[in-house]
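# Overview (structure and organization)
Chain residues, written in single-letter form:
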Amino acid sequence: MASSKVTIAILLILAAVAATLHPSSAARVQLAEEEAAPQAPSFWRPRVPLPPLPPLPPLPSFPCIPGLPRPRFLPPCNGSSSGATPAAPAPPQPAECGTSVSPLTACADFLTFNATAGGRHMPAPPAAACCDAVKALVKDAPVCLCHVMNGDLAKLLPAPMLRLRAMALPRVCGAAVPFGTFRQCIRGPVPPMDAAPAPPS
């Protein structure tokens, strides 16, 4: 009787030990999943979502320069759908420039060397008649400005012309020279100062 109780006690102890040594199938699956999961480093912290970025401000308005192509990343000019600036129609090129340039003799006081002052004083601003002639020349025959820049206008003036003042004349008078005029002065063609004589009949 006593031996059977001892045997039963030993069997119960062995069953308890076996249960701790061999976990159930559910415990084994859970243990395998934990081992397969990637281990986060000790310094890992949960990622905090960043606040949304504010919208970008609109691009500033860039002026439209006549004659220059409009870059594609800028809005079109004057509501046109194309990216290029609509070019203003160019005035017809004159056959000669003497008629257009001769009114600039009103600028003689601004353009010529003042011998009495030794040329050292600041020139007086051009007269109103001078600036009107410059603006008319820029509007009607801008290519004839080439004769002002290269010194041909000096033939019509009573004294030697100062080239730097001649180049500054449109800016001083507030006349916007069309883009490409100075390129045409270099590459041509530029009408002559005087009309070509008619061929003999």
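Residues numbered from 1 in each chain as written. Predicted model: local features only at pLDDT ≥ 70, side-chain atom pairs only at ≥ 80, totals over all residues. Heavy atoms only, no water.

Our focus in this paragraph is helix 7 (residues 163–173). Looking at helix 7, one finds that the buried residues are Arg 165, Ala 166, Ala 168, Leu 169, Pro 170 and Cys 173. Along its buried surface, helix 7 packs onto helix 4 (108–111), helix 5 (128–140) and helix 6 (145–149). Backbone geometry just downstream of helix 7 places Gly 174 in the positive-phi region, at approximately 75°. (Buried < 20%, exposed > 50% of the residue type's maximum accessible area, 1.4 Å probe, protein only. Helix = DSSP H or I, 4+ residues; strand = E, 2+ residues; numbered from the N terminus. Contact = heavy atoms within 4.5 Å.)

Time to look at empty space enclosed by the protein. The final tally for this structure, using the stated rule, is one cavity of 30 Å³ or more. As a volume, the largest cavity reaches approximately 30 Å³. If you trace the largest cavity, you find it lined by Leu 104, Val 134, Leu 137, Leu 145, Val 148, Met 149, Ala 166, Leu 169 and Pro 170. Among the elements of the structure, helix 5, helix 6 and helix 7 are those that each provide at least two residues to the lining of the largest cavity. Across the lining of the largest cavity, the residue classes tally to nine nonpolar, no polar and no charged. (1 Å grid on protein atoms, 1.4 Å probe; cavity = no way out; pocket = protein on both sides within 12 Å on 5 of 7 lines; lining within 4 Å. Points joined across faces, edges and corners; volume = space filled by probe spheres on them. Nonpolar A, V, L, I, M, F, W, Y, C, P; charged D, E, K, R; others polar.)

Turning our attention to the confidence of the model for the chain. Per-residue pLDDT for the chain has a mean of 74; in total, 65% of the residues score no lower than 70. For the chain, per-element mean pLDDT is lowest for helix 2 (residues 25–36), which scores 64, and highest for helix 5, which scores 91. This stretch, residues 81–85, has a pLDDT under 50; its non-local contacts, to residues over four places away or in other chains, come to 10 contacts. (pLDDT = per-residue confidence, 0-100.)

In this section: the packing of helix 5 against helix 7. The relative placement of two packed helices is expressed as an angle between their axes plus a distance between the axes. Running from N to C, helix 5 and helix 7 point in directions that differ by 95°, and their axes come no closer than 9 Å. Our classification of the angle between helix 5 and helix 7 gives roughly perpendicular. Residues Cys 130, Cys 131, Val 134 and Lys 135 of helix 5 touch helix 7, and the partners they reach there are Leu 169, Pro 170 and Cys 173. For the contact of helix 5 with helix 7, the per-class residue count stands at six nonpolar, no polar and one charged. (Axes fitted to C-alpha atoms, helices over the stretch in contact; angles between N-to-C directions. Parallel < 35°, antiparallel > 145°, perpendicular 65-115°, else oblique.)

Before going further, it helps to examine helix 5. For helix 5, spanning 13 residues, the distance from its first C-alpha to its last is 18 Å, which sits close to the expected 18 Å at 1.5 Å a residue. Within helix 5, burial applies to Cys 130, Cys 131, Ala 133, Val 134, Leu 137 and Val 138. Taken down its axis, helix 5 places every buried residue within 160° of arc, on the same side. Helix 5 presents Ala 128, Asp 132 and Lys 139 as exposed residues on the side facing more than 90 degrees away from its buried surface. (Expected span 1.5 Å × (residues − 1). Arc of directions from axis to C-beta.)

Before going further, it helps to spend a moment on a nonpolar patch on the surface. On the surface, Val 6, Ile 10, Leu 11 and Leu 14 cluster together into a nonpolar patch covering about 380 Å² of accessible area. By the secondary structure assignment, Leu 11 is in helix 1 (residues 2–21). With a relative accessible area of 52%, Leu 11 lands in the exposed category. (Patch = residues over 30% accessible without salt bridge, like charges linked within 9 Å, V, L, I, M, F, W, Y side chains within 5 Å. Areas by Shrake-Rupley, 256 points an atom, 1.4 Å probe, with all protein chains shown as cover. Salt bridge = Lys/Arg side-chain N within 4 Å of Asp/Glu carboxyl O.)

To continue, consider the environment of Leu 169. Position of Leu 169 relative to the elements: it lies in helix 7. Given a relative accessible area of 1%, Leu 169 falls into the buried group. Residues Leu 169 and Phe 110 lie 59 residues apart in sequence; the distance between their C-alpha atoms is 8.7 Å.

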